[in-house]
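Close look at the chain arrangement
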Amino acid sequence: MGLEAIISRIQADAEAEAERIRADAAEQAEGLRRSGREEANEVYRAVLDAGMRDIRQEQARRHSQALIRARKITREARENIIARCFEEAAEGYATVRKSNGYPGILASLAEEGAAALGVGDLLISVREDDRELAEEIAARMSRAGRTVSVSDESLTASAGVVIMNQQGIRVEHTFEARTDRYHKRLLPGIAAILFGKD
């Protein structure tokens with residue numbers, strides 16, 4: 001083999017080696033590109049998933065806040081309606097005072113208060129314009145061992161009585177005081193009538 005053949009062979013081998021190196025480099029470059037694309041897609045999916053999770057959490061948070069606000073508004077509206085019912089009832093107290101049944105109501109309130117206080121002398125306080133009726137009730141309630149008298153001090157309540165024994169214990173049976181006492185007990189029933197059960 002001559003020198004030219006050797007040189008030619010070395011060149012051919014060098015070109016083949018260079019081609020192999022280029023092919024390996026191209027294959028490695030394609031592998032790196034493919035790997036980079038896969039990694040980029042994984043990062044993209046992870047970021048997208050995290051973003052979607054954040055969006056769902058934000059939607060859930062806003063929905064929850066809207067429900068809380070709606071419940072608060074509903075509760076306040078219902079409380080206002082119920083308060084208005086009690087206000088209208090209080091406005092009706094004057095009508096009750098003018099009714100034919102009021103003397104019996106006043107007598108029942110006085111007798112209930114007297115029964116709650118037990119034995120002993122009693123003092124009844126009423127509105128100034130109920131004083132004459134209270135005098136009649138006191139006369140009927142007085143008996144052996146018990147004197148019932150009407151106080152000189154008048155009530156400012158719309159109707160009803162306040163009864164006090166000698167020890168200073170008072171039973172307030174004014175319409176306002178009774179409404180206040182029964183308010184909490186009446187609320188569930190009123191709410192059920194107005195809004196149904198929920």
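The sections below set out a description of the structure shown in this document. (Residues numbered from 1 in each chain as written. Predicted model: local features only at pLDDT ≥ 70, side-chain atom pairs only at ≥ 80, totals over all residues. Heavy atoms only, no water.)

With 23 residues, the main nonpolar core has Ala-110, Ile-124, Ile-137, Met-141, Val-161 and Ile-163 as its most contacted residues. Of all elements in the fold, only helix H3 (102–117), strand S1 (122–125), helix H4 (131–141), strand S2 (148–150) and strand S3 (160–165) reach the threshold of two or more residues within this core. Considering every element that reaches this core, the biggest residue donor is H3, with 7 residues. If sequence neighbours within four positions are ignored, Met-141 has contacts with Ala-110, Glu-111, Ala-114, Ile-124, Arg-146 and Val-148. (Core = buried A, V, L, I, M, F, W, Y, C linked by side-chain atoms within 4.5 Å. Buried < 20%, exposed > 50% of the residue type's maximum accessible area, 1.4 Å probe, protein only. Helix = DSSP H or I, 4+ residues; strand = E, 2+ residues; numbered from the N terminus. Contact = heavy atoms within 4.5 Å.)

Let us look at the environment of Val-148. Mapped onto the elements of the fold, Val-148 is located in strand S2. Along the chain, Val-148 and Ala-138 lie 10 residues apart, while their C-alpha atoms are 5.1 Å from each other. Beyond its immediate stretch of four places on either side in the chain, Val-148 contacts Leu-122, Ile-124, Ala-138, Met-141 and Ser-142.

Structurally, the position occupied by His-173 is in strand S4 (residues 170–174). For His-173, a relative accessible area of 7% gives the class buried. In this structure the side chain of His-173 is engaged in a polar contact, spanning 3.0 Å, whose partner is the side chain of Arg-181. Setting aside residues no more than four positions away along its own chain, His-173 makes contact with Leu-109, Glu-112, Gly-113, Gly-160, Val-161, Arg-178 and Arg-181. (Polar contact = N/O pair within 3.5 Å; in protein donor to acceptor, adjacent residues only side chain to side chain.)

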